[in-house]
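# Chains, contacts and geometry: an overview
Residues per chain are reported as follows:
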Amino acid sequence: MLRLFLALLLTLAAPGLAGAQGAMTAAKAKDLVRASLVAESEALVPGRTVTLGLHMAMKPGWHVYWRNPGDSGLPPEMGWRLPAGYTVGPVQWPVPERIPVQTLMNFGYEGAVTLLVPLKVPEDARVGETARLSGTLSYLVCEEICIPGSSELSLDLPVAASAEPASGQAALFARARAALPEAAPGAHRTTREGDRLVLHLDRPGLADVNGAAFFPYAEGALENAAPQDLAVDASGLRLTLTPGDAKATPDVLAGVLALTEDGVRKAYALGPEPAAAPTTAAVPTAPEAPAAAPEDESLTLWSAAGLALLGGLLLNLMPCVFPVLSIKVLSLVRQAGESASRVRLHGLAYTLGVFASFLGLAGLLIALKAGGAGIGWGFQLQSPVVVALLAYGLFAMGLSLSGAVHLGGGIVGLGDGLTRRAGYQGSFFTGVLATLVATPCTAPFMGAAVGFALTQSPLAALTVFASLGLGLAMPFLGLTLFPQALRLLPRPGAWMDVLKGALAFPVYATVAWLVWVLAQQVGPNGLLAGLTGLVLVALAAWAWERARGAGRIGTGLGRVAAVAALVAALGLVALLDGDRADARGTALAQGEEAFTQARLDTLRREDRTVFVDMTAAWCITCQVNERTVLARDGVQAAFRAGNVAFLKGDWTNQNPEITRLLERYGRSGVPLYLVYRGQGEAQVLPQILTEGIVLAAIGQKDVAAAQ
């Protein structure tokens, strides 16, 4: 029966991810957005600048986002690949629309939009050559749901001494320029009136203005969904806004003011635009170049594989893996008298199970990321379907260990059947199970290795993941390849039944933890469905056990009842994705704030020291660090004494903003700990924290010593 659970878990993993928006991204996003790269000129002229256009046409009802997406969303970003010496400047953004989504207000574009990008051609470009301009356009397209997507764009243009306008593109570029904001027609300033801000535009003689909207450049500058109250008098225009920070009164509120004057929409750029560095040749396809930790900068394929091997070895000590490995070692004690060749075959079957599942998960992760999904290591545990199925499988295994049900030798390496051919299947599925329960854990060395792997070619990535799997399989494989090591294990005896029963309790503890993770992902109805599924699993195990030796009719009825209970449990699992709207993730403790990029940017502008904790409910390493280090009185006192802001990013459920920050620092999963001090780049802390590491990073060692 547990073999059936595990097979169903692997089969249903991808549909479970679809409910979390992962598996549906690539093909559907490309159907919703037609993207192309166009140029205003037929050719490139050395030393001159030509305007390129990133044109996106959306299906009716769908939209993409402006540079500041508003309350949710992500702006389109182009990862350029250019010939040496070519440079693109900042994107010129057309004026967006306000797009209400329930209680939120987003800024974006419906129908079609063309983002203009200046391209500087180097002086030494050789006339007669052809330059290939290409890159990956990443975007988020939304209606009632949001789907990340990406498009590979390219354009080949000749280098010539002179260039004519591109035939057929004049109207498109004219419309794009007409949609850009103009310079402000008069002086503008911002004042405070009570708890609101008033944007003043001095322009006497304004005609009939029957609508206005302000789009700030900075995320979080305003309460985007709050009313924007318009007043026009003889001196000009007043627009009353609600600030995002109740205490802030900026001298100039920078952004775009759009208004409808005499039935014509006009827009003005107010204040300085955010600085943007030019993009040169050989830029990676990611939207932001990774700012990897110093120790990762010299990683090569083989050094990453070595780190993955060490990380896989250490995974065996993690609390999610250790019970499964202990059960397998217990089976070796039973086999101490068997032939060396049979023992080695069990080790190889276990290793094959580890490799198959690691490479399968890695292949799925690589494919989904290539399709534009914002996911990383442990991505399958962002699906409540996968979490529930894993809990059910482990619960059934715990019942077997406790003696409540006999599931046979072909199931995770238990029972007398291990000495028969079916036992090899048990060893294989033990490897599969060990991998599945290892995914919530991130051992030391793993973060850098996995982050490196996901920026490389698929072959290189699979090599790193195979090395990780070898590390996980190595202890058990070593015991089986050198049978003399089995002599160090105790002789079989009655103690084994006692130990087998005792090993059920860490398995039950893992089930309890998975149910807690499920509670962070779904609402009350979903949690009730998940717990009811556990009851049905117990019913199925009981009916299966009662059917043994009950005669032909009794056996048939018992097994029908067991299968019916199992099907009912799986039916409840299928409902879990429908109750995710109320999921809130891990709770914030006193002094913690939810991570957003806008809040991080604000704190950095204030010159605050910022500690960023990227975590997830299903990440055991994260939970251990938070309870044993970050929650300690000395660390909390140091945070208060140093006025350190604590931002927690919860990746329990998918969050593209968190995924982008992880990728920026060369990580594909949590935990990730960053400390920002001053205006420099963040310091990346180790994945296993100590109090001393945290205090040294935030510059508060002396505070701890005084405690």
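Residues numbered from 1 in each chain as written. Predicted model: local features only at pLDDT ≥ 70, side-chain atom pairs only at ≥ 80, totals over all residues. Heavy atoms only, no water.

This next bit is on the overall build of the protein chain. When helices and strands are tallied, the protein chain shows 19 helices and 23 strands. In the protein chain, which comprises 707 residues, the share counted as buried stands at 51%. Relative to all contacts within the protein chain whose residues are 6 or more apart in sequence, the contacts with residues 24 or more apart total 76%. Counting every atom, the protein chain has about 29700 Å² of accessible surface; 58% of that belongs to carbon and sulfur. (Helix = DSSP H or I, 4+ residues; strand = E, 2+ residues; numbered from the N terminus. Buried < 20%, exposed > 50% of the residue type's maximum accessible area, 1.4 Å probe, protein only. Contact = heavy atoms within 4.5 Å. Areas by Shrake-Rupley, 256 points an atom, 1.4 Å probe, with all protein chains shown as cover.)

Further remarks concern the packing of aromatic side chains. Enumeration over the complete set of coordinates arrives at ten aromatic pairs. Both rings, one in Phe639 and one in Phe646, keep their centres 5.5 Å apart while their planes meet at 85 degrees; by these two values the pair is edge-to-face. Of the two residues, Phe639 and Phe646, neither departs from the other in class, the shared state being buried. An aromatic cluster of three or more residues is present, and its members are Trp66, Phe107, Phe215 and Tyr217. (Phe/Tyr/Trp six-rings, centres within 6.5 Å; stacked < 30°, edge-to-face > 60°.)

Mean pLDDT for the protein chain: 77, with 75% of residues reaching 70 or above. Looking across the protein chain, the model is least confident in helix H1 (residues 2-19), with a mean pLDDT of 36, and most confident in strand E8 (residues 112-120), with 96. Between residues 280-298, whose pLDDT stays under 50, and residues either more than four places distant or in other chains, the model counts 35 contacts. Predicted confidence for residues 581-585 stays below pLDDT 50, and this span has nine contacts to residues more than four positions away or in other chains. (pLDDT = per-residue confidence, 0-100.)

The subject of this paragraph is empty space enclosed by the protein. Using the criterion set out here, one finds three cavities of 30 Å³ or more in the structure. Taken together, Val387, Ala388, Ala391, Tyr392, Leu514, Val515, Leu518, Leu527, Gly530 and Leu531 form the lining of the second largest cavity. Those elements giving two or more residues to the lining of the second largest cavity turn out to be helix H7 (384-401), helix H11 (495-521) and helix H12 (524-547). In terms of residues, the lining of the second largest cavity owes the most to one element, H7, which gives four residues. Class assignment for the residues of the lining of the second largest cavity results in nine nonpolar, one polar and no charged. (1 Å grid on protein atoms, 1.4 Å probe; cavity = no way out; pocket = protein on both sides within 12 Å on 5 of 7 lines; lining within 4 Å. Points joined across faces, edges and corners; volume = space filled by probe spheres on them. Nonpolar A, V, L, I, M, F, W, Y, C, P; charged D, E, K, R; others polar.)

As summarised here, the arrangement of the four strands in space is E1-E2-E8-E5, forming an open sheet in which the pairing is antiparallel. Each edge of the sheet is formed by a strand with only one pairing partner; in this case those strands are strand E1 (33-39) and strand E5 (87-88). Where E5 and E8 come together, two bridges link them in antiparallel fashion. Pairing of Val88 across the sheet is with Leu119, part of E8. (Pairing = 2+ DSSP bridges.)

Ranked by size, the top nonpolar core spans 46 residues in total, and within it Leu44, Leu54, Trp80, Tyr86 and Leu119 carry the most contacts. The next biggest cluster of nonpolar side chains, apart from the first, holds 39 residues, and it includes Leu361, Ala388, Leu394 and Leu534. (Core = buried A, V, L, I, M, F, W, Y, C linked by side-chain atoms within 4.5 Å.)

Helix length check: H12, at 24 residues, gives a terminal C-alpha distance of 35 Å against a target of 34 Å (1.5 Å per residue), a fit within 8%. For H12, the complete set of buried residues consists of Gly526, Ala529, Gly530, Gly533, Leu534, Leu536, Val537, Ala540, Ala541, Ala543 and Ala547. (Expected span 1.5 Å × (residues − 1).)

As a further point, take the environment of Leu348. Its place among the elements puts Leu348 in helix H6 (residues 340-370). Since its relative accessible area comes to 45%, Leu348 is described here as partly exposed. Considering only alpha carbons, one finds Leu348 and Ser427, 79 residues apart in sequence, at a separation of 8.5 Å.

Right, let's talk about the environment of Leu115 for a bit. Structurally, Leu115 is set in strand E8. As for Leu115 and Trp66, which are separated by 49 residues in sequence, their C-alpha atoms are 9.9 Å apart. Ignoring any residue separated from it by four or fewer positions in sequence, one finds Leu115 in contact with Leu52, Gly53, Leu54, Pro76, Val91, Gln92, Trp93 and Pro94.

For the rest of this paragraph, the subject is H7. Taking 1.5 Å per residue, 18 residues should reach 26 Å; H7 reaches 26 Å between its end C-alpha atoms and fits that length. Note on H7: the residue one or two positions beyond its end, Gly403, has a positive phi of about 85 degrees.

On to the pairing of strand E22 (residues 672-676), then. Both faces of the sheet carry side chains from a regular strand, because those side chains alternate between them. The element E22 is extensively covered by neighbouring structure, given that five of its five residues are classed as buried. Residues Leu672, Leu674 and Tyr676 of E22 are buried on one face, and the alternating residues Tyr673 and Val675, pointing to the opposite face, are buried as well. As paired strands, strand E20 (residues 610-615) and E22 are joined by five bridges and run antiparallel to one another. Within the sheet, the bridge partner assigned to Val612 lies in E22 and is Leu674. Pairing geometry for E22 and strand E23 (residues 683-684), over two bridges, is antiparallel. Note that in E23 the partner of Val675 across the bridge is Gln683. Counted between consecutive antiparallel strands, the loop separating E22 from E23 contains six residues, among which Gly678 sits at a positive phi close to 70 degrees.

The next point concerns the pattern of salt bridges. Per the stated rule, a full pass over the model turns up 14 salt bridges. Among the ionic pairs, Glu592 bridges to Lys648, the shortest N-O distance being 3.3 Å. One end of the pair, Glu592, is in strand E19 (residues 592-594); the other, Lys648, is in strand E21 (residues 645-650), with 56 residues separating them in the sequence. No difference in accessibility class separates Glu592 from Lys648, as the two residues are buried. Connected via shared salt-bridge partners are Arg203, Glu261 and Lys266. (Salt bridge = Lys/Arg side-chain N within 4 Å of Asp/Glu carboxyl O.)

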